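Summary of the model geometry
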Amino acid sequence: MMSGAVGRFARGRMAAIARIAVLILSVFAVPAIAQVSQRAEPVTGPGVITIGGIATNARINVHSGPSTIFPTVGTLGYGARVRKGTCLGGGSAQWCQIEAVDRSVSGYVRGRYLVEGASAGREPDYWEVRGLPRGAKLAVRRDPSASSPALATLNEREIVQNRGCRETSGGRWCRIRSITGMDVTGWVSARYLRESRGPVAIQPPAGGGLDMHGPDFYVVTGLAAGDTLNVRSQPSTQGTILGRLSAGARVRNLGCKQTGQTRWCRIQTTGAVELTGWVSGRYLRE
């Protein structure tokens, strides 16, 4: 009888210890943030690291070690600048050692809440859209987030101006300006951008032979819905595509010529960046 009572007492004590352990873990496993959003802190320059990826009125917990099981040693709010040390793990499980610039707190935070400015190295002046799935277009978004509204789309091999990139919780995004067709500035996913030397300037054809009659400017029209007009390096469908014009784009007339059954016109775009090349005259109107 005594040994049975001792056994029941031991089992009861072990159960009590297990409940206490669960309670301790639940106390230390506090949420990392109070509110989460896709918004990221604007980058102010190369090498600047701030707390982002959270709502503007939210704060994240700083832990003494790389896990929520470690005690909270302080908090940091949206936009707080920090210095980053060693990072452990990867993806959503990454933790990084940080110290606030004002030295108010140091410890570990999840890597996804660290928003880094552009690399101190040189970034290109132009990007080329590359690597899109066949038939797909690249969305130009209002904010650096896949959930942000699309302002326009870019085609494969289209050239755009680089206005600066940043790392966010949703990946690397670059702010660009379209330099052909509609003038639009917005954010695109950096995974589809490659460095480019920019638009290729085309020299006037040797020997002339251009019909210089006609208006000073044309407007692109007559395109099917969603289509664009290719700007080529030569007055031929075999010429390299330098850019694309959207319906309504205004271009300068540099002269036209008849090649076979097609009338080709040499044009120059009228935006901030000038692109010169050849387009089919059937889509130009005075």
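The preceding data block contains the structure.
So, a few notes on the structure that sits alongside this text. Please read these numbers as outputs of a predicted model, since none were measured by experiment.

This paragraph deals with the overall build of the chain. Helix and strand counts for the chain come out as 1 helix and 21 strands. Going through the 286 residues of the chain one by one, you find that 41% of them count as buried. Partitioning the contacts of the chain with sequence separation of at least 6, the portion at a separation of at least 24 is 55%. For the chain, the exposed area adds up to about 16000 Å²; of that, 51% sits on carbon and sulfur atoms.

Each aromatic ring pair is described using two quantities: the centre-to-centre distance and the angle formed by the ring planes. For the structure shown, the criterion picks out 0 aromatic pairs. Above the face of the Phe-217 ring, Arg-250 is positioned so that its terminal group lies 3.9 Å from the ring centre.

Let's shift gears to the nonpolar core. Counting residues in each nonpolar core, the largest one holds 17 residues, and the members touching the most others are Ile-51, Ile-54, Ile-60, Leu-76, Val-82, Ile-98 and Leu-114. Every element with two or more residues in this core is listed here: strand S1 (49–51), strand S2 (59–63) and strand S5 (95–100).

What follows deals with the state of the cysteines. The full count for this structure, using the stated rule, is 3 disulfides. Linked covalently through their sulfurs, Cys-165 and Cys-174 form a disulfide whose S-S length is 2.0 Å. Residues Cys-165 and Cys-174 are joined by a disulfide whose S-S torsion is about 105°; by sign, that bridge is right-handed. For the pair shown, Cys-165 and Cys-174 are each scored as buried. Paired by a disulfide, Cys-256 and Cys-265 hold their sulfur atoms 2.0 Å apart. Between Cys-256 and Cys-265, the disulfide has an S-S torsion of 105° and is therefore right-handed. Residues Cys-256 and Cys-265 agree in their burial class; the two are buried.

What follows is about the side chain of Arg-141. Considering the arrangement of structural elements, one finds Arg-141 in strand S9 (residues 138–141). Buried charge Arg-141 goes without a salt bridge, the closest partner of opposite sign being Asp-143 at 9.7 Å. A distance of 2.7 Å separates a polar atom in the side chain of Arg-141 from the backbone oxygen of Ser-148. Among all residues touching Arg-141, those that are not within four sequence positions of it are Ala-146, Ser-148, Pro-149, Ala-150, Leu-151, Trp-173, Gly-186 and Trp-187.

With that out of the way, let us pick up the pattern of salt bridges. All told, the structure shown has 6 salt bridges when counted by the stated rule. In this structure, the salt-bridge partner of Glu-167 is Arg-172, at a minimum N-O distance of 3.5 Å. When salt bridges with common partners are traced through the structure, they connect Glu-128, Arg-130, Glu-156 and Arg-157 into a single cluster.

Conventions and cut-offs
Residues numbered from 1 in each chain as written. Predicted model: local features only at pLDDT ≥ 70, side-chain atom pairs only at ≥ 80, totals over all residues. Heavy atoms only, no water. Helix = DSSP H or I, 4+ residues; strand = E, 2+ residues; numbered from the N terminus. Buried < 20%, exposed > 50% of the residue type's maximum accessible area, 1.4 Å probe, protein only. Contact = heavy atoms within 4.5 Å. Areas by Shrake-Rupley, 256 points an atom, 1.4 Å probe, with all protein chains shown as cover. Phe/Tyr/Trp six-rings, centres within 6.5 Å; stacked < 30°, edge-to-face > 60°. Lys NZ or Arg CZ within 6 Å of the ring centre and 35° of its normal. Core = buried A, V, L, I, M, F, W, Y, C linked by side-chain atoms within 4.5 Å. Disulfide = S-S within 2.5 Å. Lys, Arg positive; Asp, Glu negative; His and termini not counted. Salt bridge = Lys/Arg side-chain N within 4 Å of Asp/Glu carboxyl O. Polar contact = N/O pair within 3.5 Å; in protein donor to acceptor, adjacent residues only side chain to side chain.

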